[in-house]
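# A closer look at the structure
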Amino acid sequence: MTTLVRPSDTLTRDALTVLQPGFTGTSAPDWLLRRLGEGLTSVGLFGRNIASPDQLAALTAELRAEREDVLVAIDEEGGDVTRLEVRGGSSFPGNLALGAVDDTRLTHDVARELGRRLAECGVNLNWAPSADVNSNPSNPVIGVRSFGADPQLVARHTAAYVQGLQSAGVAACAKHFPGHGDTAVDSHHDLPRIAADLRTLQERELVPFRAAIAAGTKAVMSAHILLPALDGTLPATLSRDVLTGLLRAPVADGGLGFEGLIVTDGMEMQAISATYGIERGSVLAIAAGADAICVGGGLADEATVLRLRDALVRAVRDGELSEKRLADAAARVRALARWTRSAGATQGTLPGERGVAPAPEAGLVAARRALRITRNGPYEPLRAPAYVAAFTPVANIAVGDETPWGVAAELGRLLPGTETGTYGNAGAVAADTRTRTQEILRAAGERRIVAVVRDAHRHAWMTDALDALLDARPDTVVVEMGLPQAPPRGALHIATHGAARVCGRAAAEVIAGG
C-alpha cells in the first residue's frame, strides 16, 4: 500500500534523490518529469531509450529543462555492452581488447573519446568501467568486460579509463565492488558466491578498486555477490561490513577510504529481488552504506519509483533506517550532480564548443591493435565472397541480444556477396553436430568458410561443431570473439578479444587482406 507523502517533505525528497530509475520510450514521460520536480535527481538510460545521438541529446535536454543538475546515467562500457550504439554495435572495443594491447595511453584515449560522445549527448554518469579481475575463465557474465586476469594489469587500465572518461566531464563508476570476476554464476539469475579468503581478495579483487579510487573515480557500483570472508550472510550490496566497513572505511583502518558515490547494481536482478524483494533490498542497501539505488533495467515505471520511495520513507519512520543515513546518501548524490555540472561547463557539451577534441578513429585503432593472429601455414586472403557460419551462444542479460555482433556485415562490405548463417545449440550429441556441419557445408558451397565463435571454451556444443567443420574444411578461418581460452585452430585464427562491431571490422580487414 502506498504511503501518503507530501512531495515537498524533506524526507520524501531525500528518498527520491537516492533513486536512479529507468523508463521506457525515447522521450521523457510526464511522470518522470514530475518526479524530477519533486526531488528525483538521477535517471538511468538503457538501449530502449536511444534511437540516435540527436534524439538522445533532445531527451537529455528535456530532462534538464525540468532539473538543470539531473544526473543522466548510462551503462556504456563500449565493446559488447553498449547502449549508445545498441542497434548497430559499438565503435569501441571493450575492456579485454584494451587489456590485450596493454597501452594505458590508448585506454585513456578510448575512454576520453567515449566520454566526449556521451557528454555531447548530455549523459554525465557512466556505469563503467568494469574493474573486475576475470580470474575465472568460466565466468558467464564478466569475461570480455574485464581488462584481464592479472590484477595489476586490470588496475592500471581501470585507472586510465577513469581518468580518460572523467577528463571528458563524465563521471566514472568502477564496478562491481568488491569484484565479480571469480564467479561461475550470473547475478542477474542467482546469487554468486566467492569463496576466496581475505588475503586473496586483498591481493586480487580489491587491487583495481584501489587504483580506481586513487585515480579519482566519482562512483563505485556494488556487486550482488556473497563473500563469506567479508560477510557470511548478506551479499555485498546489502552488507555494511562490505560497503561501510571496507569500501568507505579509512585506509588507516584497513578500508579503501572511498568518499564518492556508492551505487548499487540493478536491484531487480534475481540475486537481490528473489530473496529480499526490491523494496526491502533498497532499504538494506542504503542502511549498509549505498547512496544510490539503480533500478530500471527491467522495472521501468512510475509505480516502481513510488514503491521504493515509500519503502525508504516508511523505513525511516519505523526506525529501521536512520534519517541521517538517508540524508547523507542524498547529499552525495547531489554533490556528484554539482560536479557533473561544473565538469560539463569546463569541457563543453555541444558540438563546436571548446572542450575535448574528437578522436573518431580511437576505437578502430584499438580494435586493430587488439587482434591476435595465428596462421596454420601459408594463408591466402579471401578475394571472393565467403560464407560466415556464426556459432551463437545465448547472450547474458548485461550484453543483451538486440545488438548485432560478428564479422559478416563488415566482411560483406569488403567482399560483396558474402552470406551468413546463424547456428545455436541444437543439442550436444553427435547426430546434431553432423547435421549442423552438413547444413553449413551445403550453404557454403564452394565458398571459403569463416567460422565465428564466442567463448568456445565454455560451450561444448560449439567446440564439437568447430571440430567437425575443420575436419571437413581445413581451410576454414576461425574468429574467436569472446575470451580466447581455447587453442587457436583453423587456417587462420583471429582472436578479437570482444564482439563489438569495430572488432568485427578489424577482423574482416585481415581476412580480406586489407
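Quick notes on the rules
Just so you know, the residues in each chain are numbered from 1, in the order the chain's sequence is written. Given that the model is predicted, a residue must reach a pLDDT of at least 70 before its local features are reported, and side-chain atom pairs must reach 80 or more before they are shown or counted; all residues, however, enter totals for whole chains, interfaces and linings. Side-chain numbers come from the whole structure's heavy atoms, not from hydrogens or water. Within 6.5 Å between ring centres, the rings of Phe, Tyr and Trp (the latter by its six-membered ring) count as paired, and their orientation is classed by plane angle as stacked under 30 degrees, edge-to-face over 60, tilted in between. In this description a helix means any DSSP run of H or I spanning at least four residues, a strand means any run of E spanning at least two, and both kinds are numbered starting from the N terminus. Buried residues are those whose accessible area, probed at 1.4 Å on protein chains only, stays under 20% of the maximum for their type, while exposed residues exceed 50% and partly exposed ones sit between those limits. The rule for pairing is simple: two strands pair if DSSP sees at least two bridges between them. Contacts were defined at the residue level, with two residues in contact if any of their heavy atoms lie within 4.5 Å. Only the contacting stretch of a helix is used when fitting its axis, a line to C-alpha atoms as for every element, and angles between N-to-C directions run 0 to 180 degrees. By definition here, a helix of n residues has an expected span of 1.5 Å times n minus one. As used here, the arc is the angular range of directions from the helix axis to the C-beta atoms. Under the rule applied, a polar contact is a pair of N or O atoms within 3.5 Å (in protein, one hydrogen donor and one hydrogen acceptor; residues adjacent in sequence only if both atoms are side-chain atoms). Within this scheme, the nonpolar core is defined by two criteria: the residues are buried Ala, Val, Leu, Ile, Met, Phe, Trp, Tyr or Cys, and they are joined through side-chain atoms within 4.5 Å. For classification, angles of less than 35 degrees are called roughly parallel, those exceeding 145 degrees roughly antiparallel, those between 65 and 115 degrees roughly perpendicular, and all remaining angles oblique. It is the rotation of the near helix from the far one that decides the hand of a crossing: anticlockwise by less than a right angle makes it left-handed, clockwise makes it right-handed. Classes in brief: Ala, Val, Leu, Ile, Met, Phe, Trp, Tyr, Cys and Pro nonpolar; Asp, Glu, Lys and Arg charged; the others, Gly included, polar. In the sections that follow, a salt bridge refers to a side-chain nitrogen of Lys or Arg positioned within 4 Å of a carboxyl oxygen of Asp or Glu. Any two cysteine sulfur atoms within 2.5 Å of one another count as a disulfide. How sure the predictor is of each residue is captured by pLDDT, a score from 0 to 100.

Okay, the packing of aromatic side chains next. Taken as a whole and assessed by the stated rule, the structure comprises four aromatic pairs. For the ring pair Phe46 and Trp127, a centre distance of 6.0 Å and an interplane angle of 45° mean the geometry is tilted. With a gap of 81 residues between them, Phe46 in the loop between β2 (42-45) and α3 (53-66) and Trp127 in the loop between β4 (125-126) and α6 (151-167) connect regions that are remote in the sequence. Both residues of the pair, Phe46 and Trp127, count as buried. Each ring, one from Phe177 and one from Phe209, has its centre 5.1 Å from the other, and the planes form 90°; the classification is edge-to-face. Residue Phe177 is located in strand β5 (residues 171-177), and its partner Phe209 is located in helix α8 (residues 206-214); the two are separated by 32 residues in the primary sequence.

If you trace the six strands from one edge of the open sheet to the other, you get β2-β3-β4-β5-β6-β7, paired in parallel fashion. The open sheet terminates on both sides in strands that have one partner only, identified here as β2 and β7 (261-263). Pairing between β2 and strand β3 (residues 71-74): four bridges, direction parallel. From the neighbouring strand, Gly44 faces β3, where its bridge partner is Ala73. Across the face of the sheet, α8 comes into contact with β5 and β6 (219-222) while running at roughly 165° to β5.

We now examine α3. Spanning 14 residues, α3 covers 20 Å between terminal C-alpha atoms, matching the ideal 20 Å at 1.5 Å per step. Of the residues making up α3, those classed as buried are Gln55, Leu56, Leu59, Thr60 and Leu63. Looking straight down α3, one finds that the buried residues subtend no more than 130° of arc, so they occupy a single side. For α3, the exposed residues set more than 90 degrees away from the buried face come down to Pro53, Asp54 and Ala65. Against α2 (30-38), β2 and β3 lie the buried residues of α3.

Turning our attention to the side chain of Thr403. Structurally, Thr403 is set in the loop between β10 (387-391) and α15 (408-414). From its side chain, Thr403 meets the backbone oxygen of Val86 in a polar contact 2.8 Å long. The residues contacting Thr403, other than those within four sequence positions of it, are Thr82, Glu85, Val86 and Gly89.

Grouped together as the largest cluster of nonpolar side chains are 98 residues, with contacts concentrated most on Leu19, Leu45, Leu63 and Phe177. If you look at the next biggest cluster of nonpolar residues, it comprises 27 residues, including Ala367, Met481, Ala499 and Ala512.

Remark: helix α11 (residues 278-288) packs on helix α12 (residues 302-317), axes separated minimally by 9 Å, with the N-to-C direction vectors making an angle of 50°. In terms of orientation, α11 and α12 fall into the oblique class. Taken as a pair, α11 and α12 cross one another with a handedness that is right-handed. In this structure, α11 uses Ile278, Glu279, Ser282, Val283 and Ile286 to contact α12, whose residues at the interface are Thr304, Arg307, Leu308, Ala311, Leu312 and Ala315. Along the lines of polarity and charge, the residues of the contact of α11 with α12 split into seven nonpolar, two polar and two charged.

A separate point is the pattern of salt bridges. Tallied over the full model, the rule gives 37 salt bridges. Of the charged contacts, one joins Glu68 and Arg341 as a salt bridge, the two residues approaching to 3.1 Å between their closest N and O atoms. Taken together, the residues span a long stretch of sequence, with Glu68 in the loop between α3 and β3 and Arg341 in helix α13 (residues 323-347) at a distance of 273 residues. Several salt bridges converge on common partners, so that one network encompasses Asp75, Glu77, Arg83, Arg145 and Lys175.

Once that is clear, we can look at the environment of Gly169. The residue Gly169 is located in the loop between α6 and β5 in this model. Note: C-alpha distance between Gly169 and Asp471 (302 residues apart in sequence) is 53 Å.

Contact pair helix α5 (residues 104-120) / helix α14 (residues 362-370): the axes reach a minimum separation of 9 Å and the direction vectors enclose 145°. Both α5 and α14 take part in a crossing whose hand is left-handed. Of the residues in α14, those touching α5 at Leu106, Asp109, Val110 and Glu113 are Ala362, Val365, Ala366 and Arg369. For the contact of α5 with α14, the residue count by class is five nonpolar, no polar and three charged.

If you walk through the whole model with that rule in mind, you get zero disulfides. The thiol of Cys173 is unpaired, and the distance to the nearest cysteine sulfur, on Cys294, comes to 8.8 Å. Cys173 gets classed as buried once you look at its relative accessible area, which sits at 0%.

Per-residue pLDDT for the protein averages 91, and the proportion of residues at 70 or more is 93%. Segment residues 1-5 is flagged for pLDDT under 50; beyond a separation of four residues in sequence, or across chains, it makes 13 contacts in the model. Across residues 348-354, confidence stays below pLDDT 50; counting only partners more than four residues off in sequence or on other chains, it has eight contacts.

Mapped onto the elements, His157 comes out in helix α6. According to the relative accessible area criterion, His157 is buried, its value standing at 0%. Along the primary structure His157 and Thr104 are separated by 53 residues, whereas in three dimensions their C-alpha atoms are 5.7 Å apart. The residues touching His157, leaving out its near neighbours within four places in the chain, are Leu98, Gly99, Asp102, Asp103, Thr104, Thr107 and Phe147.

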